[in-house]
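Take a look at the letters that make up each chain.
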Amino acid sequence: MPVTIETLQHRMDAAVAALDFEEAGRCRDMISAMRGGATAAEAEAASCAGLQRQAPGAMGLGTSQQRVTPPAGWRAPPKPDPMTAGRSKRSRHRTEGD
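Residues numbered from 1 in each chain as written. Predicted model: local features only at pLDDT ≥ 70, side-chain atom pairs only at ≥ 80, totals over all residues. Heavy atoms only, no water.

1. Structural notes on the confidence of the model for the protein
Any segment with low pLDDT has predicted coordinates that should not be analysed in fine detail. Residues of the protein with pLDDT of at least 70 account for 64%, and the chain-wide mean is 76. Averaged pLDDT values for the elements of the protein fall to 55 in helix H4 (residues 89-97) and rise to 90 in helix H1 (residues 5-17). (pLDDT = per-residue confidence, 0-100. Helix = DSSP H or I, 4+ residues; strand = E, 2+ residues; numbered from the N terminus.)

Take a look at the structure:
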C-alpha cells in the first residue's frame, strides 16, 4: 500500500486518539515534507528530530532565528580594559606635550 498524505493523516489521527504524540508528530512532519514536494520515501527517510518549532507566544522579529551554541571548550575572549580603549601612544604624547 503506497504512503499518501491521506493515509498519513489517518495514521496521525489514530496516533492522537491513542495518545501517541511522538508518532503523530512524525506523521505530521512527513505530511509537511510531502506537501513540500518530497516523495514518500524521501519524507520517511528525513529526520526532523533536530528541528525546533517556534514556541507559542514568541512572536516578533528574530524570534524564529536559530540560536548558535559555541563548540565544547570554547571560551569568550577577555574584554578590553575600558581605561585604555581608544587611546594610543600617539594621542597620549600630544596631550602630554600641549
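Once you've had a look at it, read on.
2. Here's the deal with the pattern of salt bridges
Pairing between side chains becomes possible if they bear opposite charge and their charged atoms approach one another. What the rule picks out here adds up to three salt bridges. For Glu 23, the salt bridge goes to Arg 26, with nearest N and O atoms at 3.2 Å. Taken together, the positions of Glu 23 and Arg 26, both in helix H2 (residues 21-35) and three residues apart, correspond to about one turn of that helix. A salt bridge links Arg 28 to Asp 29, with the shortest nitrogen-to-oxygen separation between them at 3.3 Å. Relative accessible area serves as the criterion here: at 15%, Asp 29 is assigned to the buried category. Each member of the salt-bridge network shares a partner with another, and the members are Arg 11, Glu 23 and Arg 26. (Salt bridge = Lys/Arg side-chain N within 4 Å of Asp/Glu carboxyl O. Buried < 20%, exposed > 50% of the residue type's maximum accessible area, 1.4 Å probe, protein only.)

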